[in-house]
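Residue strings, one per chain:
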Amino acid sequence: MNPQAKLISTTSLLLGTSITISSNHWMTAWIGLEINTLAILPLISKTHHPRAIEASTKYFLTQATASTLLLFASMINAWFSGQWDITQLTHPMSCMLSTVAISIKLGLVPFHFWFPEVLQGSTMTTCLLLATIMKFPPITLFYLTSPSLNSTLLTSMAIASAALGGWMGLNQTQTRKVLAFSSIAHLGWMTIILNYDPNLTLITFYLYTMTTSAIFLILNTTNTLKLPTVMTSWTKIPSLTTIFMLTLLSLAGLPPLTGFLPKWLIIQELTKQELTATATAISLLSLLGLFFYLRLAYCATITLPPNFTNYMKQWQTNKPTNPLTTIFTSLSIMLLPLSPMVLTIS
């Protein structure tokens, strides 16, 4: 891809995200989302492979549909209440349509079908953007409109996302699809607490972004796309593979790693709200995700593939490790003792 074109796309991506997260008017938020969509399309289709073109087409169609619904919802709300302010979402139809539109943009169940396919057709770097930065503007809109949204609808979608994200990730052999369903399952955790403590949604999103970024950067460094490749990648950078295992366990939410913090706080808050059944259900559903994270960790560090013929192992790579990988992996593993400070800041 042309460096100038890449610079323009990246700058537009940051501009669109900044416009949406800093706006309090529906039109400026919509403009930011449109800039985001148009900026990421060249990055998805830059390999000129049929899968990449298909992924960019699917992404464009779903995001255009979601943007149309969001604009329609804001216009209905303005028609009946005279308010264009994002926080003044009062009309029931507008609340329903905006929830559907933002859910499509995020990839929440039952609007998740596009997300694994788009990630599978993209490069690792683009997958990192799609799974983290591109979800920030819709999550911000959810945060701003949270008092007006239907808690029953959000809880149903959250439980369904956690269930389907865990269930569909069990039989995947492509690392990008595994991380796509992992993202859907984590979105369920973010959505379930949205009505009761929106700040927890943001904390969960930040920690998820940090951990997922670390995993994508490690996979990009070792050039690992499939589970069989994970089994043979340990010879490239053995120390990084060990850290990869710990980062995966953190994403699974095992203590004493960073990923345990948001799940612990969410279960605690749901219990305070006397939603014990909901907390129990989503906790049990997280065990599905734990299985495929453990499988990835097992493949990466513990097991070797069966070999009946001699073959040359992939020797240590000369590719330098990105400094961001070191920062994100360290934070993904060791942030739990700082949880009182995290809660104070939030």
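Residues numbered from 1 in each chain as written. Predicted model: local features only at pLDDT ≥ 70, side-chain atom pairs only at ≥ 80, totals over all residues. Heavy atoms only, no water.

Enquirer: What exactly am I supposed to notice about the UniProt feature "domain: NADH:quinone oxidoreductase/Mrp antiporter transmembrane" (unreviewed entry) in the protein here?
Expert: If you check UniProt for "domain: NADH:quinone oxidoreductase/Mrp antiporter transmembrane" (unreviewed entry), the listed places come out as residues 23–288 in our numbering. Span residues 23–288 is 75% helix and 0% strand, its end C-alpha atoms 38 Å apart. (UniProt positions renumbered as here; feature names shortened; annotations may be inferred. Helix = DSSP H or I, 4+ residues; strand = E, 2+ residues; numbered from the N terminus.)

Enquirer: What is the right way to read the packing of aromatic side chains from this model?
Expert: Within the structure shown, the criterion is met by 7 aromatic pairs. Arranged with centres 5.6 Å apart and planes meeting at 15°, the rings of Phe136 and Phe205 form a pair that is stacked. With a gap of 69 residues between them, Phe136 in helix α7 (residues 136–145) and Phe205 in helix α10 (residues 198–222) connect regions that are remote in the sequence. The class for Phe205 is buried, based on a relative accessible area of 3%. Note on Phe292 and Tyr293: the rings are 4.8 Å apart at their centroids and 55° apart in plane angle, and the pair reads as tilted. Phe292 gets classed as buried once you look at its relative accessible area, which sits at 1%. Overall, Tyr293 belongs to the buried group, its relative accessible area being 3%. Just above the ring of Phe115 sits the side chain of Lys135; from NZ or CZ to the centre is 4.0 Å. (Phe/Tyr/Trp six-rings, centres within 6.5 Å; stacked < 30°, edge-to-face > 60°. Buried < 20%, exposed > 50% of the residue type's maximum accessible area, 1.4 Å probe, protein only. Lys NZ or Arg CZ within 6 Å of the ring centre and 35° of its normal.)

Enquirer: Mind showing me how you'd approach the UniProt feature "transmembrane region" (unreviewed entry) in the protein here?
Expert: The UniProt entry lists residues 59–79, 91–115, 151–171, 178–196, 202–219, 240–261, 281–304 and 324–345 under the feature "transmembrane region" (unreviewed entry), expressed in the numbering used here. Taken end to end, residues 59–79 comprises 100% helix and 0% strand; its first and last C-alpha atoms sit 30 Å apart. As annotated, residues 151–171 comprises 86% helix and 0% strand, and the C-alpha atoms at either end are separated by 32 Å.

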